[in-house]
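Architecture at a glance
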Amino acid sequence: DSQPDAEVPVDPPEPVCANADCSRIAVAAGAFTMGCNEAEDDQCDADEKPAHVVTLPDYHIDRREVTAAQYAACLSAGGCTSLTVNWPECNLGQAGREEHPINCLTRDQAAAYCAWAGGRLPTEAEWEYAARAGTRTPFHTGETLSDQQANFNAGRIYNNGPKGSWPRRPMPAGYYPANGFGLHEMHGNVAEWVADCSVRSYLGRFGAASVYDEQGCRSRAVRGGSWEKIPSYVRSAFRDAFPDTGRDDGIGFRVARDGE
């Protein structure tokens, strides 16, 4: 296993478009420091430590979160199943929200869409490498994140913020500026399912570039935070967990693929 080393420089190669319409980004192999480094981030949670070096092979990842329209196409083709919930906040089937991220779906439904689309859910390491886009600061924007750069609850009381200052819902996929890898909404909007089981810390799992799985895993890692979350919960290092069969209007996903 690799050892914790928060001093390894992060200088990944520039990513390039992986397909004709550039809806996917090809991320070149590289190493990065995964987790929260207390020297650079004073909001580290226990499950984000210790910071450790992970080396990743080439992979592809979607530029945007999967949309309601894309999931509807999978439903029509028989590759996906109905969400079984119809909360007002769920985007599927809602007029005018076709380009908003799909939400209210289980981890297995997200994985089924990925398989139908010829991909898979990203690993936690792939997700964080993509979110950081070569940075080591709490956000890809640096030490702070503004509500012009991402969709999150910027310190306001839920449902009681100044009118017009906070959308209080997911915005269309690709609405906010991309990070240095060309990826949109890695912070906020909807949190994203990843492939790994949730774990309480990275101890004993240094260098885990591949998915961490276990028999009977009851909860999966969720990354990125949602529009409902305060800034500390949308940091690149922040880790959340949700039951495999759970659904939430603040959780969606994006597709990853092995490199070619």
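Owing to the predicted nature of the structure, the values given are computational and were not obtained by experimental measurement.

**A word on the state of the cysteines**
If you walk through the whole model with that rule in mind, you get five disulfides. What pairs with Cys36 in a disulfide is Cys44, and their sulfur atoms sit 2.1 Å apart. On the sign convention where negative is left-handed, the bridge of Cys36 and Cys44, at about -75° about the S-S bond, is left-handed. With a relative accessible area of 17%, Cys44 lands in the buried category. Sulfur-sulfur distance for the disulfide between Cys197 and Cys217 comes to 2.3 Å. In this pair, Cys197 is assigned in strand 6 (residues 191-197) and Cys217 in the loop between strand 6 and strand 7 (219-223), connecting sequence segments 20 residues apart. Across the pair, exposure class does not vary: Cys197 and Cys217 are buried alike. Each bonded cysteine in the protein chain gets a number by its place in the sequence, and the pairs come out as 1-2, 3-4, 5-6, 7-8, 9-10. The structure places no disulfide on Cys114, whose sulfur is separated from the nearest cysteine sulfur, that of Cys80, by 8.9 Å.

**What to know about the sheet that holds strand 5 (residues 59-62)**
Reading across the sheet, the four strands line up as 1-2-5-10 and stay open at both edges, with antiparallel pairing between neighbours. The sheet is open, and its two borders are formed by strand 1 (16-17) and strand 10 (256-258), each paired with just one other strand. Examined bridge by bridge, strand 1 and strand 2 (residues 24-27) share two bridges and lie antiparallel to one another. Across the sheet, Cys17 pairs through a bridge with Ile25, a residue of strand 2.

**A closer look at unusual backbone geometry**
The amide bond that connects Lys49 to the next residue, Pro50, takes the cis arrangement and shows omega of -5°. With phi around 60°, Cys22 is a residue other than glycine that occupies positive phi space. Here Cys22 is to be found in the loop between strand 1 and strand 2. Relative accessible area serves as the criterion here: at 12%, Cys22 is assigned to the buried category. For Asn189, which is not glycine, the phi torsion reads 70° and is therefore positive. Looking at the secondary structure, you find Asn189 in the loop between helix 3 (124-132) and strand 6.

Procedures and definitions
- Residues numbered from 1 in each chain as written.
- Predicted model: local features only at pLDDT ≥ 70, side-chain atom pairs only at ≥ 80, totals over all residues.
- Heavy atoms only, no water.
- Disulfide = S-S within 2.5 Å.
- Buried < 20%, exposed > 50% of the residue type's maximum accessible area, 1.4 Å probe, protein only.
- Helix = DSSP H or I, 4+ residues; strand = E, 2+ residues; numbered from the N terminus.
- Pairing = 2+ DSSP bridges.

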